[in-house]
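# Descriptive analysis of the structure
These are the residues of each chain, in order.
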Amino acid sequence: MDFPLISKDSKRKPNGVPNGTEDGTRETRYSSPQGASRSPSTSLSEFSEPETTLLERGPFAGMSLPNTSARANAAHIVRSHVSTYLITHPHLDHLSGFAINTAAFHATSLPKRLAALPFTINAIKQHIFNDVIWPNLTDEDGGVGFVTFQRLIEGGNVMVGEGRGRGYIEVCDGLGVKGFGISHGNCMKGAGGSNASGHAQRGSNPDSYPRHASHGGDPGRSLSISQISQPGTPGGTLNHNYANNYQQEAQRQCVVDSSAYFIRDSATSHEILVFGDVEPDSLSLSPRTNIVWAEAAPKIAAGVLRGVFIECSYDDGQSDATLFGHLAPRHLVSELQNLAGMVKDAKLRRSEAKKGSKRKRDSYNGVTFELTENEDRKRRSIGERAVSEEARRKSLQDEPENDYDYFSSMAGDAGARNTAPHTPPQSACRLDEDVSTSPRTVTTAPALRAAAAATEDLPLKRLKVVVIHVKDTLTDGPHVSENILKQLNEHEAELRHQGIGLGCEFVISESGASYWF
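This structure is a prediction, so every number in the text was calculated from the model and none was measured.

### Quick notes on the pairing of strand S7 (residues 175–186)
When you tally the buried positions in S7, you get 10 out of 12 residues, the bulk of the element. In the sheet, strand S6 (residues 169–172) pairs with S7 via 3 bridges, with the strands oriented antiparallel. By the bridge assignment, Cys172 is partnered in S7 with Leu175. Counting the residues that bridge the hairpin from S6 to S7 gives 2 residues, and of these Gly174 lies at a positive phi of roughly 85°. Alignment of S7 against strand S8 (residues 255–265), held across 10 bridges, turns out to be antiparallel. In the sheet register, Gly176 faces S8, and the bridge partner there is Arg264.

### Quick notes on the nonpolar core
The biggest cluster of nonpolar side chains holds 38 residues, and the ones touching the most others in it are Leu273, Phe275, Ile310, Leu336, Leu339 and Leu460. No other element matches helix H7 (residues 329–357), which puts 7 residues into this core. Counting 25 residues, the second largest nonpolar core, distinct from the first, contains Ile121, Ile128, Ile169 and Cys172.

### A closer look at the state of the cysteines
One pass over the structure, following the stated rule, counts 1 disulfide. Between the sulfur atoms of Cys187 and its disulfide partner Cys254 the distance amounts to 2.4 Å. The disulfide joining Cys187 to Cys254 has a torsion of about -40° about its S-S bond and is therefore left-handed. Taken together, the residues Cys187 in the loop between S7 and helix H5 (240–252) and Cys254 in the loop between H5 and S8 connect sequence positions 67 residues apart.

### A few points about the side chain of His326
Mapped onto the fold, His326 is located in the loop between strand S10 (305–311) and H7. Among the polar contacts listed, one links the side chain of His326 to the side chain of Ser313, at a separation of 3.1 Å. With sequence-adjacent residues up to four places away left out, His326 is seen in contact with His184, Asp277, Val278, Glu279, Pro280, Glu311, Ser313, Tyr314, His469 and Lys471.

Rules and cut-offs
- Residues numbered from 1 in each chain as written.
- Predicted model: local features only at pLDDT ≥ 70, side-chain atom pairs only at ≥ 80, totals over all residues.
- Heavy atoms only, no water.
- Buried < 20%, exposed > 50% of the residue type's maximum accessible area, 1.4 Å probe, protein only.
- Helix = DSSP H or I, 4+ residues; strand = E, 2+ residues; numbered from the N terminus.
- Pairing = 2+ DSSP bridges.
- Core = buried A, V, L, I, M, F, W, Y, C linked by side-chain atoms within 4.5 Å.
- Disulfide = S-S within 2.5 Å.
- Polar contact = N/O pair within 3.5 Å; in protein donor to acceptor, adjacent residues only side chain to side chain.
- Contact = heavy atoms within 4.5 Å.

Written as structure tokens, this is what we have:
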């Protein structure tokens, strides 16, 4: 494990007395506890306290530490400053550090908390802290008691919290969590019934069902692949017979479960979203990432959710068949496109809600009162009902029957139609026909998309996407993370060229780095 460096020449101690010598060598000073006196027979070790040191960099930079060695201070941080471990799934690369470090928990005054969804805790209890792979250091089943479990409720607990914090379960002081299950590929064991690990019988197999075109036929969403809807999953419908076959296939497969956590700072109400290992919904027989995006979209639209930590294990050179339940840049961008569409919808709903909440002042019989726009619109609509049915029918006859009638009405006999000025609907322009003789100027589709991209706020603007879980290729040359970042930015540039850019910032995570949102 790589620990942050310790300052060789710390310049302060708790009482403000300098502790370094002029030549830069270290000088350890000792002091007696306040109010205590030391007799000649009292040993120095009973009262002396070593000077403190400062971390120079890393997430704990500036923290005063009681020891002089990195290993002793690392143990101090684990024992005194880390109260909870939030685990996404029980694979060893996500769990081994915690399990090994439990040997150092004996010097703590409280057991360490392991918070996770139940499937993770069950697997850890059964396969790690079982007195075979590792001693039972938990407080369950007669264990030692160094570790206690906190079982989270998927989707949050609606019985706790208030307002925007409702459903978030506090896992440590000032931080609340809401967890969702996601899919991390299919089990390597074949089809069959229930298994010893207790995995849910859901499936994930890239060759089990055909791919579909982009949602809504939008040519701009060329990277998106529509996913088969599950109960509670937004988007898409499915033929009944095909759905039955799909469910039967899903029952024959075994999915590897993982988790995504919304972590909320109770002081600021700001949140981040942290994914465990996850596969793309487009390849999964149990697509659940869209459920997470549906939860995230209104938070992003409101400016509450500022950062997403999500894996991108391989570059685009990795085939779908060998992703093993992970993402490549093409899949991550496709998933973010799905999120961006939901954010656009959420922003539109927020805008409409704000318009409806604006109040207008009015008076009646000398009494002044306020109406929301919705109330005012309803009041005006009642008055407008006095318009005769004949006048309403006449106004409908004056409108073109379709988009093409507008152009024919301009070229036809003006006396045969209403001579009142007419403003056509925005959709009256056919982009695939030559309308150079029309008095209106028609802009081509690419130009319209470019103009829209230039004027419209990008849906994921100000969102930082931190890429985690990059798998090192252990080969010469640039690190694979450099290629992943390059490909992500290339995908984003292509989307912006099409007028459907995301707007998010991609960052590759680094060991020991700090991120502010």
